[in-house]
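The residues making up each chain are set out below.
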Amino acid sequence: MTPATPHKPENAIKEAPPAMKRLRHERDRAIEVFMEKGRIKPFLSRHTSCLDQYFTDSFEKSMVGPKMQFHKKPYAMIALGGYGRQEQCIHSDVDILVLFQKQVPAESEALIREMLYPLWDLGFEVGHATRSIKECIALAADKTDVLTALLDARFLCGMSTLYGDLRDRLDKYLTGKRAQNTIKELVRRNQDRHERFGDSSYLLEPNLKEGRGGLRDYHTILWLARIEHKMMQPRDLEYFGILSHDEYQRLEQSLWFVWKTRNHLHLLTGRKYDQLYFEHQVKIAESLGFKAARGQLPVERFLGKLHAEMEYIKQTNMAVLLEMGVSRRTFSISRRPVIRETDVPGLRVERNLVGFVSPEHILNTPVLLIRIFEESARLKLPLSAEARRLVKEFTYLVNKSFRQDPGNVRIFERILITPTPTYNVLNEMLNTGFLERFIPKLKTITDRIQYDGYHLYPIDRHCLRTVKTLKNFAARENADVLAHKLFKEIGKQRNLLLWAALLHDIGKGEAGPGHADSGARIAERILSEFGYTEDKTDVVRFLVKEHLFLVKTATRRDLNDEETAIYCARRVKNEKYLKMLYLLTLADSMATGPKAWNDWTAELLRDLFFKVLKILEKGELATTEAVEAMKNKKQALLAATSDDRERTVLATHLEILSPRYLLYTTDDAILAHMHLYRRLSTDAFVWEINQNPGSQTRTVTICAPDRTGLFSKIAGVLALNGLNILEAEIFTWKNNTALDVFVVSPPADLIYEDQRWTRTGEDLRAALADELDITRALKKNTGGRLRRSPYATRPHRITIDNDASSFFTLIEVIAYDRSGLLFDITDVLFRHHLDVKLAKIATKIDQVVDVFYVRDTEGLKINDEDLLDQVRTRIESVLGQAPNEP
């Protein structure tokens, strides 16, 4: 119901009546005790009770009531919504229905002013409606919001028989076909809400009320139960057998935590608030008393707990809908007979749900605890609520001997490889606690959160999504043709690949860095205990250990450097390993979330895969092919030029190009860059700005005489003009000409984009002439303020690598992004006389991973350890400062 909300009138009551004073005192005291002791259940009860007492006192001392001739025009005050459910949070609305038998008298407006305006003065948001019983039923038939509000209605004071009449009329209305249609509508709204607000049990910024796993999922259970069973109070969920005693207790536990979080959010924001944004998460974790443990930050432990509780609410909502026979696809109420059968003794299919014949069968045949999941996967039917209860109750039977039984291991493997186009039985195994009992080490990553903008799901859920993503590659209609082809090619080793997918992040359950190394050791131990041979455990160990290797190399290293592919080939060793590792990398990235996987990453990864595959197929001696390719490219370019004079100019130009540039730049780009270079003459630089089709980015190509610090100055000028660098590629030709290509975000104001580029060009010209102090200009531009990422809770990381390349020293910087960061880093390199010859710029939501290929002024790798230590120290210093702070 959406009651009318009055605006505070000019003639609102100024003198606080006794009931109002008492309410203010009791409410303040309730909040004070809640803040001191943190007990949510007593708070919700006390907060609701003090409002109840206010209405009772106001009714007894009403000056308007007697004038209305109560005996002739009786009325009742009815609590609605969260207040009706006795869930009154600190800044929740107070929704009230003033109910009359037949007609609503004109004096009711005065009654509203008398009772509700004092609440407004106290800061409550008050919604009210004044209606007759007939009007309530008529509106309920027309508006689902009104109907659900009436389902939550609770008598406060006045004529109680009116409330009884309203309940009776509502019960009579909600019978037969109307009841079924209402349930359909509630289920439809339930799914629409999930699609609109997302899955709060996974989202980084969950909606505590409306998202999937939020309080509305619980409210939907209540509404459905009140329609189906005429239930009067939440405890009746257990009485009517909708939930078991343990399930109801567990649901209450989850609800208390979400309510507790919601009330702390209300306290923090000073108003009704349900979206848990990043800016609030760390503070609420502290106020709830979470401490760092097991290598996790307090906020990560808080979010892990919150996600676990919201996941349980979500699962309870789904289980209740399934038990009622509600199809989420068709919104129909299904009471159809069995359409699929099971031949497993001790199991049965009823109402399209898989269940046990009896608990005794489980005691006599414990293998049924895993066979039921195999049948669920085979039939693509979920478990019944009773079956889920029994699995939870009997998981103690999943002991060491159960786990080491070869037959049970084979069953689990069959579940692991069974296709899951829609229904993923591994989720059910996790939700019931079976998966954790079967693989105890999984407990270390259950509901574990990584607090960054990159990882969307808790680690355990992410692993299951990685398995599902991999299995989806088997489908012919899969959009990734290469993934489908490779998945078929690996044949019988798919089971090992899926084991690696399930266990690839298990090392994150241990404190400290290097989760891939620790995860490899754990995976090897798990498979050995399951009886796998050494050669099979070696495959899984390798995949888990190297699951980040390809994507890190693709996004952080120069793929046009043949050494990169050779280095990867030596590490991967054979084609079969490469194909499996590529598929695992693909699935892992896609399952991490949409922010972790994009066309750019996919293209780089695919490019690296084919280059490494070529090395593994033909060997490392590919340099001869590169020389031949450059020769052929030159001949093709010259042959395509019909004008003799132009051909002579082109031939001269081709001789100054560096091999790397010539080999990996397209013919069209080479010709375009040549024309750009011919415009250079004695200018400080020339450039072109092009809008990239189908993308909100710009490619900036700058040609200039090379000089130490050129890249830094360009980066600083672009940052000064609000142009964020997404990618950068640097080429230096044999005649000491630099060609730098940047992919940048466009200016914020596209209407004045041309003017912004003109200003940027002027700034760059001034910077190259040493007439613009970029450091000072950036500091003035930002006011010296450091705009930190909401996730900036872990230290930056700087890695210096002198082994990955024969000709360059690689400096890798992982840091939280901010304006001017790239300039600050490259300025440090410039001031230490290091020349940046190649840069890989990658932005991962809130973080940047910048890799610089550098040499000294003599064109050599940097082997001076003291100098490298100075560079590292200075970069660490600027990363911790406000933008361009000296």
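Residues numbered from 1 in each chain as written. Predicted model: local features only at pLDDT ≥ 70, side-chain atom pairs only at ≥ 80, totals over all residues. Heavy atoms only, no water.

This brings us to the overall build of the protein chain. In terms of regular secondary structure, the protein chain is built from 39 helices and 14 strands. If one aligns the C-alpha atoms of the protein chain with their principal axes, the spans along those axes are about 110 × 75 × 55 Å. With 886 residues in all, the protein chain has 55% of them scored as buried. Of the contacts made within the protein chain by residues no fewer than 6 positions apart, 71% connect residues no fewer than 24 positions apart. Counting every atom, the protein chain has about 39900 Å² of accessible surface; 50% of that belongs to carbon and sulfur. When the 130 basic and 121 acidic side-chain charges of the protein chain are each reduced to a single mean position, those positions are 5 Å apart. (Helix = DSSP H or I, 4+ residues; strand = E, 2+ residues; numbered from the N terminus. Buried < 20%, exposed > 50% of the residue type's maximum accessible area, 1.4 Å probe, protein only. Contact = heavy atoms within 4.5 Å. Areas by Shrake-Rupley, 256 points an atom, 1.4 Å probe, with all protein chains shown as cover. Lys, Arg positive; Asp, Glu negative; His and termini not counted. Charge placed at Lys NZ, Arg CZ, Asp CG, Glu CD.)

Right, let's talk about the side chain of Arg 85 for a bit. Mapped onto the elements, Arg 85 comes out in the loop between helix H4 (81-84) and strand S2 (94-100). Under the relative-accessibility criterion, Arg 85 is labelled buried at 14%. A distance of 2.6 Å separates a polar atom in the side chain of Arg 85 from a polar atom in the side chain of Asp 152. Engagement of the side chain of Arg 85 in a polar contact is seen with the side chain of His 219, the distance being 3.3 Å. Every residue in contact with Arg 85, bar those within four places of it in the chain, is listed here: Asp 152, Arg 216, His 219, Leu 222 and Trp 223. (Polar contact = N/O pair within 3.5 Å; in protein donor to acceptor, adjacent residues only side chain to side chain.)

Turning our attention to the packing of helix H1 (residues 18-37) against helix H2 (residues 40-60). Two elements in contact, H1 and H2, have axes separated by 9 Å at closest approach and are oriented at 180 degrees. In terms of their interaxial angle, H1 and H2 are classed as roughly antiparallel. For the pair formed by H1 and H2, the contact residues are Ala 19, Met 20, Arg 22, Leu 23, Glu 26, Arg 27, Arg 29, Ala 30, Ile 31, Val 33 and Phe 34 on the first element and Ile 40, Phe 43, Arg 46, His 47, Cys 50, Leu 51, Gln 53, Tyr 54, Asp 57 and Ser 58 on the second. Per-class residue counts for the contact of H1 with H2 are twelve nonpolar, three polar and six charged. (Axes fitted to C-alpha atoms, helices over the stretch in contact; angles between N-to-C directions. Parallel < 35°, antiparallel > 145°, perpendicular 65-115°, else oblique. Nonpolar A, V, L, I, M, F, W, Y, C, P; charged D, E, K, R; others polar.)

On to the nonpolar core. Core analysis: the biggest nonpolar cluster contains 96 residues, and Phe 356, Phe 412, Phe 434, Ile 439 and Trp 499 have the highest contact counts within it. The residues contacting Phe 356, other than those within four sequence positions of it, are Gly 346, Leu 347, Arg 348, Ile 362, Leu 368, Leu 369, Ile 372, Ala 387, Leu 390 and Val 391. Counting 73 residues, the second-largest nonpolar core is a separate cluster that includes Leu 224, Val 258, Phe 290 and Phe 302. (Core = buried A, V, L, I, M, F, W, Y, C linked by side-chain atoms within 4.5 Å.)

With that settled, consider the pairing of strand S9 (residues 725-732). The side chains of a regular strand alternate, residue by residue, between the two faces of the sheet. Pairing of S9 with strand S10 (residues 737-744), which is carried by seven bridges, proceeds in the antiparallel orientation. In the strand pairing of S10, Glu 729 is matched with Val 741. Linking two consecutive strands that pair antiparallel, namely S9 and S10, is a turn of four residues; a positive phi of about 65 degrees is found at Asn 736 within it. (Pairing = 2+ DSSP bridges.)

So, about the confidence of the model for the protein chain. On average, residues of the protein chain score 87 in pLDDT, and 91% of them reach the 70 mark or higher. Contacts for the low-pLDDT stretch residues 327-338, under 50 throughout, to residues beyond four places or in other chains number 29 contacts. Segment residues 882-886: pLDDT under 50, and 21 contacts once partners within four positions in sequence are set aside and those in other chains are kept. (pLDDT = per-residue confidence, 0-100.)

Another point: the packing of helix H22 (residues 459-472) against helix H29 (residues 575-592). Contact geometry of H22 with H29 gives a least axis separation of 8 Å together with a crossing angle of 125 degrees. Classified by the angle their axes make, H22 and H29 are oblique. Crossing handedness for the pair H22 and H29: right-handed. Every residue of H29 that contacts H22 at His 462, Arg 465, Thr 466, Thr 469 and Leu 470 is listed here: Leu 583, Leu 584, Ala 587, Asp 588, Met 590, Ala 591 and Thr 592. Looking at side-chain class alone, the contact of H22 with H29 contains six nonpolar, four polar and two charged residues. (Left-handed = near helix turned anticlockwise from the far one by under 90°.)

Moving on: helix H26 (residues 534-545). In this model, H26 (twelve residues) spans 16 Å end to end at C-alpha, consistent with the 16 Å of a helix rising 1.5 Å per residue. Buried within H26 we find Thr 537, Val 539, Val 540, Phe 542, Leu 543 and Val 544. In this structure, the buried side of H26 is in contact with helix H24 (494-503), helix H25 (515-529), helix H28 (562-572) and H29. (Expected span 1.5 Å × (residues − 1).)

Tallying each qualifying case throughout the model produces 48 salt bridges. Here Arg 29 and Glu 32 are joined by a salt bridge, their closest N and O atoms 3.0 Å apart. Note that Arg 29 and Glu 32 are positioned in helix H1 at a spacing of three residues, about one turn of the helix. For Asp 770, the salt bridge is made with Lys 713, and the minimal N-O distance between the two is 3.5 Å. Note that Asp 770 is positioned in the loop between helix H36 (753-768) and helix H37 (774-782) and Lys 713 in helix H35 (residues 710-720), a separation of 57 residues in sequence. Residue class for Asp 770 comes out exposed when judged on its relative accessible area of 58%. Overall, the relative accessible area of 13% leaves Lys 713 in the buried class. (Salt bridge = Lys/Arg side-chain N within 4 Å of Asp/Glu carboxyl O.)

A word on the environment of Tyr 75. Topologically, Tyr 75 is positioned in strand S1 (residues 75-80). Residue contacts for Tyr 75: discarding those within four places in its chain leaves Phe 59, Gly 65, Met 68, Phe 70, Val 98, Leu 99, Phe 100, Leu 111, Met 115, Gly 158, Met 159 and Leu 162.

Tracing the sequence through the fold places Glu 252 in helix H12 (residues 245-269). Residue class for Glu 252 comes out buried when judged on its relative accessible area of 17%.

Positive phi values are uncommon outside glycine, yet Lys 573 reaches one of about 85 degrees. In this structure, Lys 573 sits in the loop between H28 and H29. Of note, the phi angle at Asn 736 is positive, near 65 degrees, even though the residue is not glycine. Here Asn 736 lies in the loop between S9 and S10.

Side-chain alternation along strand S11 (residues 797-801) places Ile 798 and Ile 800 on a buried face and Arg 797, Thr 799 and Asp 801 on a face that remains uncovered. Bridging between S11 and strand S12 (residues 809-816) involves five bridges; their strand directions are antiparallel. Within S12, the residue paired with Ile 798 across the bridge is Val 813.

The next thing to look at is a negative patch on the surface. Together, Asp 864, Glu 865, Asp 866 and Asp 869 make up a region of like negative charge exposed at the surface. Inspection of the secondary structure puts Asp 864 in the loop between strand S14 (847-855) and helix H39 (865-879). Judged by its relative accessible area of 42%, Asp 864 is partly exposed. (Patch = residues over 30% accessible without salt bridge, like charges linked within 9 Å, V, L, I, M, F, W, Y side chains within 5 Å.)

This part takes up the sheet that holds strand S4 (residues 154-158). In spatial order, the strands read S3-S2-S1-S4; together these four strands make up an open sheet with mixed pairing. Of all strands in the sheet, those with a lone pairing partner are strand S3 (126-132) and S4, marking the two edges. Looking at each pair of strands side by side, their axes are set apart by 25 degrees on average, direction ignored. Of the strand pairs in this sheet, S1 and S4 are connected by four bridges, and their pairing is antiparallel. Bridge assignment links Ala 79 to a residue of S4, and that residue is Arg 154. Along the sheet, helix H5 (residues 108-121) contacts S1, S2 and S3; its crossing angle with S3, the most-contacted strand, is approximately 160 degrees. Docked against the sheet, helix H8 (residues 160-173) engages S1, S2 and S4, running at close to 95 degrees with respect to S2.

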